[in-house]
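Okay, here's what each chain looks like letter by letter:
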Amino acid sequence: MRIKAAHKMLRNLLWATSKHDLYLMQNYSVMHWSSLVKRGKEVINVAMPVLPTLKYPGSFSRSLSRVQVSTMAVKDNLIVAGGFHGELICKYLDKPGVSFATKIATDDNAITNSVDISYSSSGSMRVMTANNDALIRVFDADNFKCIDNFSFPWSVNDTSVSPDGKLLAVLGDSTECLLADAQSGKEINKLKGHLDYSFASAWHPNGQIIATGNQDTTCRLWDIRKPSNSLAVLKGQMGAIRSIRFSSDGQYIAMAEPADFVHIFDSQTGYESSQEIDVFGEIGGISFSPDAEALFVGISDRTYGSVLEFNRKHHNRYLELF
């Protein structure tokens with residue numbers, strides 16, 4: 001599939017919900033792409049006014065227009081997109097229209113850097129946003145009320161919730177990464193070792209390993225039971241690590257640089273065995289299929305925009321599917 005370019009710094013604009021279903025940004029549209037029928041369908045058009053169709057008492061939903069999407073996430077029938085000017089858009093895929101839209105931050109540099117869809121330890125779905133205004137905001141995914149916000153001393157570039165819903169990874173304009181209580185936002189541990197600012201995180205499915213991607217061109221793996229030192233340091237080629245994904249079986253971790261390089265490491269070899277995928281162009285996102293049989297790479301280059309699909313070969317490699 002060929003796509004037109006998005007902003008060069010974007011890194012989470014591609015999500016696979018099955019081996020054959022992708023959600024991605026194309027110009028000002030959130031698209032659904034089916035690799036089975038080789039056809040795309042527009043899900044949200046953010047160039048036109050975005051008018052929320054559902055009204056929730058106590059929520060601050062409002063219309064938006066010409067949103068430049070900076071990040072997105074898709075999980076369990078909910079798609080969430082953040083914008084360069086602090087926008088937040090939420091849509092349930094089984095309901096018509098956009099469920100919720102608003103500006104959550106109004107600063108001049110109020111970009112929504114990341115969004116995360118997760119479940120609390122009690123089982124309720126939450127949406128968390130990380131912004132340049134140094135806040136993480138927590139929304140109830142049932143009515144989209146902002147139920148909490150956590151403040152930090154620096155711009156928050158990424159946040160992700162552990163599989164059990166208890167811990168929150170917080171990364172930003174600091175050499176330190178934080179582990180916090182997901183309910184209170186209270187700091188539990190500092191992860192020290194990176195040399196620059198961090199941009200990406202991902203949890204291993206077992207909930208015991210957190211991966212952090214940094215401007216220092218490395219991804220560090222941390223065992224949350226022994227967080228004083230990193231478990232492993234995975235090195236990139238040239239640029240910051242801006243997107244990280246674990247496969248659903250936990251065997252593989254993929255990490256993407258801003259352009260040209262995607263790296264895959266095998267956890268069963270202690271992350272010693274790896275494969276480098278050399279592409280051409282800015283990388284808009286990476287995503288494993290839920291069955292861990294495919295890896296998708298979004299290329300946001302203005303000339304060579306496309307989605308590449310790689311299929312798993314069971315001698316522990318991925319091979320491009322032509």
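The rules behind the values
Residues numbered from 1 in each chain as written. Predicted model: local features only at pLDDT ≥ 70, side-chain atom pairs only at ≥ 80, totals over all residues. Heavy atoms only, no water. Salt bridge = Lys/Arg side-chain N within 4 Å of Asp/Glu carboxyl O. Buried < 20%, exposed > 50% of the residue type's maximum accessible area, 1.4 Å probe, protein only. Pairing = 2+ DSSP bridges. Helix = DSSP H or I, 4+ residues; strand = E, 2+ residues; numbered from the N terminus. Axes fitted to C-alpha atoms, helices over the stretch in contact; angles between N-to-C directions.

Attention now goes to the pattern of salt bridges. In this structure the tally under the stated criterion is six salt bridges. Across the pair Arg225 and Asp223 runs a salt bridge whose closest N-O atoms are separated by 2.8 Å. A relative accessible area of 54% means that Arg225 is categorised as exposed.

Let's shift gears to the sheet that holds strand β7 (residues 87–92). Strand-to-strand pairing in sheets goes through backbone hydrogen bonds, with the strands running parallel or antiparallel. With antiparallel pairing, four strands are arranged side by side in an open sheet as β5-β6-β7-β8. Lying at the two open borders of the sheet, with one neighbouring strand each, are β5 (69–75) and β8 (100–103). Along the sheet, successive strands turn relative to each other by an average axial angle of 10 degrees, direction set aside. Relative to strand β6 (residues 78–83), β5 runs antiparallel, the two sharing six bridges. Residue Val69 lies in a different strand from β6, and its bridge partner there is Gly83.

Below, the discussion takes up the pairing of β5. A large share of β5 lies buried, amounting to six of its seven residues. The antiparallel pairing of β5 with β6 creates a hairpin that spans two residues between the two strands, and Asp76 there sits at a positive phi of about 45 degrees.

Strand order in the open sheet formed by four strands is β9-β10-β11-β12, with antiparallel pairing between adjacent strands. At either margin of the open sheet sits one strand with a lone partner, and together these are β9 (112–119) and β12 (146–151). Along the sheet, successive strands turn relative to each other by an average axial angle of 20 degrees, direction set aside. As paired elements, strand β11 (residues 135–140) and β12 share five bridges and run antiparallel to each other. Looking at β12, one finds that Arg137 is bridged to Asn149.

With that settled, the discussion passes to unusual backbone geometry. Even without being glycine, Asp76 reaches a positive phi, approximately 45 degrees. Along the chain, the position of Asp76 falls in the loop between β5 and β6. Residue classification places Asp76 among the partly exposed positions, given a relative accessible area of 47%. Phi is positive for Asn77, which is not a glycine, with a value near 75 degrees. Inspection of the secondary structure assignment puts Asn77 in the loop between β5 and β6.

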